[in-house]
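# Chain and residue survey
Below are the chains, spelled out letter by letter.
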Amino acid sequence: MHIDLTKKIALVTGGGSGIGKGCALALAEAGTLVIVNDINPEAGHDAVIELKKQNLSAEFIEADVADDKSVQILASTVRSRYGKLDVLVNNAGFNLFKNLRETEPTEWDRIMNVDLRGLYLITRAMLPLLDTAGESSIINIASVHAKLTISNIAAYAAAKGGVVALTRSLCQELGPKGIRVNSVSPGFVHTPLLERWLASEPDAAATLKKINGYHPIGRIGTVADIGHLVRFLASNKSSFITGTDITIDGGLTSRLMH
Ligand SMILES: NC(=O)c1ccc[n+]([C@@H]2O[C@H](COP(=O)([O-])OP(=O)(O)OC[C@H]3O[C@@H](n4cnc5c(N)ncnc54)[C@H](O)[C@@H]3O)[C@@H](O)[C@H]2O)c1
């Protein structure tokens, strides 16, 4: 399927690393000018340099998606430079492996502020620009933890469940304006976030082998796997898809444990 996103403007939050970086590449390869946002300026700048080396169009804008002032500055910069936004990928996020007793209120708040409230702040600030673009698309990166989960990850699971619910409601609100809203729920994806978790395991190689084996297709996901789906959802090839959550997990959550 040929996807052409020439003349489109996209914003990818947390685009300096992992899934966000993969989405930025997939969108830029289709002709989009990609605004890479990240709280980490080094990662964001490096991601843009990598894209530019491939003759792709990108620029970096630093912002913390959990901070309203920072988000307002990001929105006014996008407004003054481009005047519209065709694609918004709400990707910035992180997880927390802790049981509820050990989860401090500050940690709970930070997860909620970045993984859920950040989507609200960014989407709200970008709405006029998405409206101006017409036929625009919002893609929220949720997680399989929104539906099926494990113990000791309550704050993250709750935030990602919120992302899927927010997606459904926003689809109702924004459909009449021609704005589609979907979420994507990855399972295990090889990113720096996953690397950090593997590094905390007693034997990272053995753990990776074990989790690869959980997947009917024998491997965990790549950032390109997620980028390709996001590019499709950004394009008019998916013009009748809105309000849905697409699981992308190599069959992980089809599995009945026994
Ligand atoms: N890796 C996985 O297996 C996996 C699975 C399901 C869902 N996800 C989700 O995908 C998204 C990306 O995860 P990843 O694995 O690529 O992580 P990552 O840590 O590799 O990248 C996340 C990026 O987001 C940025 N970021 C963090 N907080 C931010 C903030 N407040 N404002 C702006 N940028 C911020 C970080 O600096 C980083 O560059 C997250 O929402 C995560 O929950 C990841």
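Residues numbered from 1 in each chain as written. Predicted model: local features only at pLDDT ≥ 70, side-chain atom pairs only at ≥ 80, totals over all residues. Heavy atoms only, no water.

## Quick look at the overall build of the chain
Helix and strand counts for the chain come out as eight helices and seven strands. A separation of at least 24 residues holds for 72% of the contacts in the chain among residues at least 6 apart in sequence. Element-wise, carbon and sulfur atoms account for 54% of the exposed surface of the chain, whose accessible area totals about 12,500 Å². Between the centroid of the 26 positive side chains of the chain and the centroid of its 26 negative side chains there is a distance of 4 Å. (Helix = DSSP H or I, 4+ residues; strand = E, 2+ residues; numbered from the N terminus. Contact = heavy atoms within 4.5 Å. Areas by Shrake-Rupley, 256 points an atom, 1.4 Å probe, with all protein chains shown as cover. Lys, Arg positive; Asp, Glu negative; His and termini not counted. Charge placed at Lys NZ, Arg CZ, Asp CG, Glu CD.)

## A short note on the site of the ligand
Taken together, the neighbourhood of the ligand is formed by 29 residues, with Ser17, Ile19, Asp38, Tyr156 and Thr191 sitting nearest. Ile19 has a polar backbone atom sitting 2.8 Å from an oxygen atom of the ligand. Within the contact set of the ligand, an oxygen atom lies 2.6 Å away from a side-chain nitrogen or oxygen of Tyr156. Those elements that provide at least two residues to the shell around the ligand are helix H1 (18–29), strand S2 (33–38), helix H4 (105–133), helix H5 (154–174) and helix H6 (192–199). No other element matches the three residues that H6 contributes to the shell around the ligand. In the shell around the ligand, the residues fall into 14 nonpolar, ten polar and five charged. (Near = heavy atom within 4 Å. Polar contact = N/O pair within 3.5 Å; in protein donor to acceptor, adjacent residues only side chain to side chain. Nonpolar A, V, L, I, M, F, W, Y, C, P; charged D, E, K, R; others polar.)

## Topic: the nonpolar core
Ranked by size, the top nonpolar core spans 29 residues in total, and within it Leu27, Val36, Val89, Ile139, Val184 and Val230 carry the most contacts. Those elements that provide at least two residues to this core are strand S1 (9–12), H1, S2, helix H2 (41–53), strand S3 (58–62), strand S4 (87–90), strand S5 (137–141) and helix H8 (223–234). Among all residues touching Val230, those that are not within four sequence positions of it are Cys23, Val89, Ile139, Ile141 and Val184. One finds Ile35, Val65, Ala125 and Leu130 within the second-largest nonpolar core, a separate group that totals 27 residues. (Core = buried A, V, L, I, M, F, W, Y, C linked by side-chain atoms within 4.5 Å. Buried < 20%, exposed > 50% of the residue type's maximum accessible area, 1.4 Å probe, protein only.)

## Things to note about H4
With 29 residues, H4 ought to run about 42 Å at 1.5 Å a step, and its terminal C-alpha atoms sit 39 Å apart, in line with that. Of all the bends in H4, the greatest, near 50°, is centred on Leu127, and the proline Pro128 appears no more than four residues after it. Note on H4: the residue one or two positions beyond its end, Gly134, has a positive phi of about 70°. (Expected span 1.5 Å × (residues − 1). Bend = angle between axes of the 7 residues up to and from the residue.)

## What to know about the pairing of strand S6 (residues 180–186)
On a regular strand, one side chain projects to one face of the sheet and the next to the other, so that they alternate. For S6, a buried count of seven out of seven residues is recorded, marking the element as mostly surrounded by other parts of the structure. Side chains of S6 alternate between two faces, with Arg180, Asn182, Val184 and Pro186 and Val181, Ser183 and Ser185 buried alike. Both S6 and strand S7 (residues 245–248) contribute to a ladder of four bridges, which runs parallel. Note that in S7 the partner of Ser185 across the bridge is Thr247. (Pairing = 2+ DSSP bridges.)

## Structural notes on the domain arrangement of the chain
Domain annotation of the chain identifies domain 1 (9–186 + 222–247) and domain 2 (189–220). Every contact between the two is made by twelve residues of domain 1 and, on the other side, eight residues of domain 2. Here domain 1 packs against domain 2, burying approximately 630 Å² in sum over the two surfaces, 69% of which is carbon and sulfur. Taken together, the links from domain 1 to domain 2 amount to one salt bridge. The partner of Arg219 in a salt bridge is Asp225, and the shortest N-O contact between them spans 2.9 Å. Counting the contacts that link domain 1 with domain 2 gives one residue pair in polar contact (both at pLDDT 80 or more). Elements supplying a minimum of two residues to the side of domain 1 that touches domain 2: H1 and H8. When residues of the side of domain 1 that touches domain 2 are assigned to their parent elements, the largest contribution, three residues, is made by H8. Considering only residue class, the side of domain 1 that touches domain 2 consists of six nonpolar, five polar and one charged. (Domains from an automatic or database assignment. Buried area = accessible area lost by both parts, 1.4 Å probe. Salt bridge = Lys/Arg side-chain N within 4 Å of Asp/Glu carboxyl O.)

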